[in-house]
Each structure stands twice: as C-alpha cells, then as structure tokens.
Amino acid sequence: MSDFRGLKAVYVNTSLKKSAKDSHTQLLLDASARIMEGQGVAVERLHMLDHHVPPGVYPDMTEHGWDRDDWPKLWETVGAADILVVGTPIWLGEESSVCRVLIERLYAMSGLLNDKGQSVFYGKVGGTAVTGNEDGIKHVAMSVGFALNHLGYVIPPQADCGWIGEAGPGPSYGDDDGRGGRVGFDNDFTKRNTTIMTWNLMHMARLLKDAGGLPNEGNDRNAWGAGARFGFENPEYRS
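Residues numbered from 1 in each chain as written. Predicted model: local features only at pLDDT ≥ 70, side-chain atom pairs only at ≥ 80, totals over all residues. Heavy atoms only, no water.

Peer 1: Provide a residue-level description of the overall build of the protein, including the pertinent values.
Peer 2: Across its full length, the protein holds six helices and six strands. Expressed as a percentage of the 239 residues in the protein, the buried residues total 45%. Contacts spanning at least 24 positions in sequence make up 74% of the contacts within the protein whose residues lie at least 6 apart. When the accessible area of the protein is evaluated, it comes to approximately 12200 Å², of which 54% is carbon and sulfur surface. In the protein, which carries 23 positive and 31 negative side-chain charges, the distance between the mean positions of the two groups comes to 3 Å. (Helix = DSSP H or I, 4+ residues; strand = E, 2+ residues; numbered from the N terminus. Buried < 20%, exposed > 50% of the residue type's maximum accessible area, 1.4 Å probe, protein only. Contact = heavy atoms within 4.5 Å. Areas by Shrake-Rupley, 256 points an atom, 1.4 Å probe, with all protein chains shown as cover. Lys, Arg positive; Asp, Glu negative; His and termini not counted. Charge placed at Lys NZ, Arg CZ, Asp CG, Glu CD.)

What follows is the structure, encoded as structure tokens:
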C-alpha cells in the first residue's frame, strides 16, 4: 500500500457563492478531499470569496493601487502544498471569473524559483473539479489544466472530474432530489472520475516528493541567465 503521509493538499473553491456552505462545487471538492484525508494527506480548504483577492499579476496588489490584498497570506498555504485542486462552476461554458483571478495570482508567483533554479511550482501536481448546469467540464478542465501546467505544475493522467445536470435551469450538484437523496451523488461517471483523479494526484505527488522533484538538467533558469542557453549555445545539449 502506498504511504501518502507527509503530503499536503490545498483545495481552492472559486465558486461565485459568497459562502462555501452554499457552494455545490464545495460538495464535489469535499468528496475528493475526504479520500485524501483518509490516506493521511494533510488537507486545507480555501474559499476564494472568504478573502479579498483582487485581480492582477503581481504578488501583492497593494503595491499597485489596491487598499487590501489577502493573496500574500493565502500564498503561504498554496505555495506549501504538494497538491492543488481547483474547483470551479461553469458559466457560459467557461470557468468562473473568480477562477481566472486565482490563475492570475498564481501567475504572479511564477517569477519565484525553488532551490534548483526552477519555477517554484515544479514538483507540485494539479487537478480540476467542475460543476454546473451546462456542457463544458472538459473545456474548463482543459483551460485550467493548461494554465497550471504552464506555470510548472505536473498534471497526472485523468486529473479532472465534474458533474453537470441537464442543459438549462435545474438542480445543481448536491441539491435535494425530492426522493430522499442528493442530485449527482449517485452518478457513476462523477464518482469514478473523482476517485481516479484523487488517487492519481496522490500517486504523482508521492513520486515527485520521493524523487526530490524534477531534475534541473536543462531547466535551470539561473543557468540560462548565466548564458548557458542550453541547446542553442552549449554543445553539451546539442543532439
């Protein structure tokens, strides 16, 4: 059996609901989080709208005209996690506006390097959980997954899950189904993908942590800045 103790995960809910207790997305995030907690992973949950996080691409937006910015404090949690799961609803086929703010603020930290001279996101893994009443789970997961990967997160196989109801107005994930159950909770597709995503995130995070992250051969930004230029100027990297 794999041992996932020592791993840290953070689940960030970018729902438009002001409180996590009213969020359908939080219910799906919790389903995944409970699996991790059951395997010894230290899990933290963040609801973006519990905090004041302005849009922008700088680490601290108070230095760029905003009176308040809670992101530097939130970054202490996000930056310390081995696993990031982003939860978002679908609106007009896209992730929420709050989710885009999260991605912008993650991008703001992309200038930070780890002790190998790599992006500070190297050695971490990311996944996406999506809910809504309209098509677009895979489209949203594609958009968020690419953003995380571009920043440096490793995206394991099948690192997304989601639930959508019938097209148009109707019940959302976790609503009372009128028969003593909860909408979506018995959906095999959602349960299967949520479970597989969660385990793949843990497996990949364990592999990376045990390996000390990714080797920095060919991706050391400090070496590039010193003029190594890798394959362009250094014969050692030429084929």
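From this point, the discussion proceeds with the structure in view.
Peer 1: Residue-level account of the pairing of strand β2 (residues 42-47), with values.
Peer 2: The pairing of strand β1 (residues 8-13) with β2 spans six bridges and is classified as parallel. What sits directly across from K8, in β2, is A42. (Pairing = 2+ DSSP bridges.)

Peer 1: An account of the packing of helix α2 (residues 71-80) against helix α3 (residues 97-108) is requested, with residue identities and associated values reported.
Peer 2: Here α2 crosses α3 at 80°, and the two axes come no closer than 11 Å. In terms of orientation, α2 and α3 fall into the roughly perpendicular class. Here α2 contributes W71, W75 and V78 to the contact with α3, which in turn contributes L102, R105 and L106. Considering only residue class, the contact of α2 with α3 consists of five nonpolar, no polar and one charged. (Axes fitted to C-alpha atoms, helices over the stretch in contact; angles between N-to-C directions. Parallel < 35°, antiparallel > 145°, perpendicular 65-115°, else oblique. Nonpolar A, V, L, I, M, F, W, Y, C, P; charged D, E, K, R; others polar.)

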